[in-house]
Each structure stands twice: as C-alpha cells, then as structure tokens.
Amino acid sequence: MLDPAPRLGDRSLFPTLRARAYLNHAAISPASTRVQAAVSELVADYAARGVEALFPQLEQRERLRGQLAELVGAHREEIGYVANTTAGVRAVALCVPWSAGDTVVLLRGEFPANVTPWQRAAELFDLRLRWLEVSDFHGSAGDGLARLEAVLREGVRLVAVSAVQFQTGLRMPLEEIGALCRAHGAELFVDGIQGCGATPIDVATAHIDYLSCGSHKWLMGLEGLAFLYVRAERAAVLRPVVAGWLSHEEGLRFLFEGAGHLRYDRPIRARADLVEGGAMPGTVLLALDASLGLLHQLTVPAIFEHLQAYHDRLEPGLRQRGFASERSPVRAQRSGILSVLPPKDVELAPLHAALGRRGISCSMPDGRLRFAPHWPNALTETDEVLTAIDEALAELRGG
Ligand SMILES: Cc1ncc(COP(=O)(O)O)c(C=O)c1O
C-alpha cells in the first residue's frame, strides 16, 4: 500500500515513533516510513545483486545533488558529499589556500563542530583566530554586526558562523553578515545543520562561500552524511588536501575500460565534489533522498511557518509557568528551535528526565530546555506538552 502523502502536523509517516511529542529534531530526527523503505530496499538489492545495486545509485546521487543545490539556492556542481558537518568544515579548513597570519573569525557560544577544525587549521597554517560573542547577536543583532565590522576592517580572511545557534535557536543575520564579509573581502563559512530543512537559506543572497550541513537533523535523513556547498570560484582555488581516489577527473576509467587507464596523475576535480574521495554511504544517501522528497513537497517556507505557529502556542504557556524564553522577539531571528530556561526553583536535568518519562522527547544543550518540532508535529500537541510540564513541575516540587 502506498504511504499517505505528507501533511503538516500529521505523523502518519512515523507510525512506530514512541514519544508522545517528539521535539528533538535539532538532535536526531526519527526515520519516516519513506526513509525506512529506501534503506531496506537498497539493502535487499545489495543482497540480491551485489555490485549491480550500485549503478542505479550513481544517477540518484546526481539527482539528489541537484535537489540539495536547489534547497540552498546553489548550482549542482557546487555540492559535494561528506560524512558529517564536521567533515565539511574540516575539508574547507584544510583546503583553503591560506597565507600565514590570515585571520579567521569564530563565535564563542557556537557548537564546537564549527570551531575545532578552525583551531586545528590555525595551528597547521599559522592562522590568527579572532573571537566574537554569539550573545552580541541577540536582540537587534546590531551590536554583533558592529563588532564584526570592526574586526573585518582590520583584515579578515574568513568568518565561520552557524545559520542557527544550537542552544538558543537564534537565527543569525546571514544576509547582513554576508554583505559585510563581501564588502571587506572576507570569505563566509556557514554551518547549516540547525537551519537547512526548516529555515529558508539562500547562499546567493547571503553571499555564502561555503556551507556544510549534516542530514540527520532538519533534513530528516540519517547520520553519516552531510552536504558541502562550495561556491564555484572558491572551489577553483582550493588546495585539494583531502582528495582521494574518487576525486580525480575520469578516475573510474581503469575499472571499466580495460588496460592502460590506471594512472595517478589525472587532475583532481576543481569542484565541491573533490571532497568525495572514496566509497559513499549508499543507504544514507537514499534515506536523504526520501526525506528531502517530503520536505520538497511540503516546502521549507511552509514548514517554517508551521514551526512558528507551534512555538507561538507553546511559548506563552511556558512563560506563564515561569520559564524564560530565549526565542528572539525578532521574527527574522527565529528558527525551528524554542529554548527556555526553567524557573529558578527547578533543576534542568530532573525536569528533562521527568518530561522524558511523560513521553516528551526534548533535549537540554548547554543549560537550556530545547524544543525542536518539525513538520509532523501537530499544533494541538502543545497542549499535551504543557500538561506534561505541569505534571513534571508538580512532581519536582513535591506536589
Ligand atoms: C550547530 C551544529 N553543528 C554541527 C553539529 C553536528 O556536527 P556533525 O554533523 O559533524 O556531527 C551539531 C549537532 O550535533 C550542531 O548543532
């Protein structure tokens, strides 16, 4: 029987999902029936046909590349596949043709995936790190932008920032950041994993040079895959430090065209896909294809509106109960994440555990209670979440 079509607020495609309210898409998304079917069909195909099962996937990967490009407003040849968000950050950090003394701007408060590789690159290539504070971008974001501009005036090679902050859900003003970077000749790297799939992102309007995004959060795929966008003119000058046997132009000829084609001097592709150095996770690529198909049907702007409607219902109830919301009052700075700090007399970890016992799956990064619904979460579910919170608070207060 054919699965039902996806509908906002309808979790029919997640029939075995246990949580009453699954609010952990900023951590790991559950697998839809479409994702499960894609994975099991491929495994069955490998069982039946071995290597033959690979060939149809090669076309599928190119189609998916085009869809990922469309998702962020890029061109197909500007997209490469890597194992996770970090691998995308690392590839760029290793491959940019740095000069000793180049400055990289990082933000304190970011998820470490977008920090550690730059720190390592700074050691390797003798780069300078300049730190700004994520907190300066809260409120009007004007402080953060003014500080960024002051640093850019001193000369910066690259700015690394997340599209959406993992703990507060703050959506960064990428267009303003991108415009400043462009005006001052700096490159812009974006960790897109907390944004892509639920928050519109366009690499062209935001002047983004590189964007890395894992597939297991808002794209609703599985772990083990990310896409890396590299603007074409940047890819042309990258040093292919991370290249492997599958990064060469025409690098497969020796396998299919007989003798005389095994060579080690074929040029490395000067495109984003130079990062694809070896065999790829076929099942996870098909999973992403399936989940992205659903997002495509629903459209990211509609999903974003749905998530805002969900948070518009949940946030006032949380405030009434003494939680301090970290959701920005500015709409342009909102995302799929609603994070709150608990009332002063309530400890976070026991509260999180008490909610878990009541079927509310959320997380507690960096001292916040983080609610991250996605398109299958029904708006009416917020009543159940608030009831569970009342019960959990009563339990913790000994009521
Ligand atoms: C902002 C951000 N970047 C990156 C990651 C994860 O990176 P990776 O895909 O390398 O595991 C997370 C969460 O796990 C995150 O919240």
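Calculation rules
- Residues numbered from 1 in each chain as written.
- Predicted model: local features only at pLDDT ≥ 70, side-chain atom pairs only at ≥ 80, totals over all residues.
- Heavy atoms only, no water.
- Pairing = 2+ DSSP bridges.
- Helix = DSSP H or I, 4+ residues; strand = E, 2+ residues; numbered from the N terminus.
- Axes fitted to C-alpha atoms, helices over the stretch in contact; angles between N-to-C directions.
- Contact = heavy atoms within 4.5 Å.
- 1 Å grid on protein atoms, 1.4 Å probe; cavity = no way out; pocket = protein on both sides within 12 Å on 5 of 7 lines; lining within 4 Å.
- Points joined across faces, edges and corners; volume = space filled by probe spheres on them.
- Nonpolar A, V, L, I, M, F, W, Y, C, P; charged D, E, K, R; others polar.
- Phe/Tyr/Trp six-rings, centres within 6.5 Å; stacked < 30°, edge-to-face > 60°.
- Buried < 20%, exposed > 50% of the residue type's maximum accessible area, 1.4 Å probe, protein only.
- Lys NZ or Arg CZ within 6 Å of the ring centre and 35° of its normal.
- Polar contact = N/O pair within 3.5 Å; in protein donor to acceptor, adjacent residues only side chain to side chain.
- Salt bridge = Lys/Arg side-chain N within 4 Å of Asp/Glu carboxyl O.
- Near = heavy atom within 4 Å.
- Areas by Shrake-Rupley, 256 points an atom, 1.4 Å probe, with all protein chains shown as cover.

Draft legend 1. The arrangement of the sheet that holds strand β7 (residues 210-214) in detail. If you walk across this open sheet you meet the 7 strands as β2-β8-β7-β6-β5-β3-β4, and the pairing is mixed. Each edge of the sheet is formed by a strand with only one pairing partner; in this case those strands are β2 (79-82) and β4 (128-133). Mean inter-strand twist for the sheet, computed between neighbouring axes without regard to direction, equals 20°. By the bridge criterion, 2 bridges tie strand β3 (residues 103-108) to strand β5 (residues 158-162) in an arrangement that is parallel. Opposite V105, over in β5, you have V159 as the bridge partner. Lying over the sheet, helix α3 (residues 85-95) contacts β2, β6 (187-191), β7 and β8 (226-230), oriented at roughly 155° with respect to β7. Against the sheet, helix α6 (residues 174-183) contacts β5 and β6, and its axis sits at roughly 155° relative to β6.

Draft legend 2. Quick look at empty space enclosed by the protein. What the rule picks out here adds up to 1 cavity of 30 Å³ or more. The volume enclosed by the largest cavity comes to roughly 50 Å³. The wall of the largest cavity is formed by R11, F14, L17, Y22, H25, P30, P376, N377 and E381. Within the lining of the largest cavity, the residues separate by chemical class into 5 nonpolar, 2 polar and 2 charged.

Draft legend 3. Region of the structure containing the layout of surface pockets. Space inside the largest pocket adds up to approximately 620 Å³. In terms of lining, the largest pocket is formed by 25 residues, of which the most central are L58, R61, L246, L252 and M280. Listing elements by their share of the lining of the largest pocket, those giving two or more residues are α2 (55-72) and α8 (253-256). Sorting elements by how many residues they give to the lining of the largest pocket places α2 first, with 5 residues.

Draft legend 4. Quick peek at the packing of aromatic side chains. Applying the stated criterion across every chain yields a total of 7 aromatic pairs. Ring geometry for F55 and F256: centres 6.2 Å apart, planes at 70°, overall edge-to-face. Highlighted residues: F55 in helix α2 and F256 in helix α8, separated in sequence by 201 residues. What makes F55 partly exposed here is its relative accessible area of 34%. Grouping aromatic residues by their ring pairs yields a cluster made of W98, W118, F189 and Y210. Seen from the ring of F304, R171 lies directly overhead, with NZ or CZ sitting 5.1 Å from the centre.

Draft legend 5. Examining the environment of S291 more closely. Mapped onto the fold, S291 is located in helix α9 (residues 282-298). Expressed as a C-alpha distance, the spacing of S291 and S32, which sit 259 residues apart in the sequence, is 7.5 Å. Aside from chain neighbours lying at most four places away, what touches S291 is V35, L219, M220 and G221. Among the polar contacts made by the side chain of S291, one reaches the main-chain carbonyl oxygen of M220 at a distance of 3.4 Å.

Draft legend 6. Spatial organisation of the pattern of salt bridges. Overall, the coordinates contain 34 salt bridges when judged by the stated rule. A salt bridge links R65 to E276, with the shortest nitrogen-to-oxygen separation between them at 2.9 Å. Remark: E276 occurs in the loop between α8 and α9 and R65 occurs in helix α2; sequence separation between them is 211 residues. Accessibility classification places R65 together with E276 in one group, the buried group. Note that E257 is salt-bridged to R253, the shortest N-O span being 3.0 Å. Overlapping salt bridges, with partners in common, bring together D102, R157, E187, D209, R231 and R234 in one network.

Draft legend 7. Spatial organisation of the site of the ligand. Residues in contact with the ligand, as listed here, are N84, T85, T86, F111, A113, S162, F166, D191, I193, Q194, H216 and K217. Contacts to the ligand include T85, whose side-chain N or O atom sits 2.7 Å from an oxygen atom. Measuring from an oxygen atom of the ligand, one finds a side-chain N or O atom of K217 at 2.8 Å. About the coverage of the ligand: the protein hides 85% of its 400 Å² of free accessible area. Of the residues that constitute the shell around the ligand, the class distribution is 4 nonpolar, 6 polar and 2 charged.

Draft legend 8. Representation of the side chain of D209 in the model. Following the sequence through the fold, D209 ends up in the loop between β6 and β7. Under the relative-accessibility criterion, D209 is labelled buried at 5%. Here L188 takes part through its backbone nitrogen, which lies 2.8 Å from a polar atom of the side chain of D209.

Just geometry here; none of it tells us what the structure is for.
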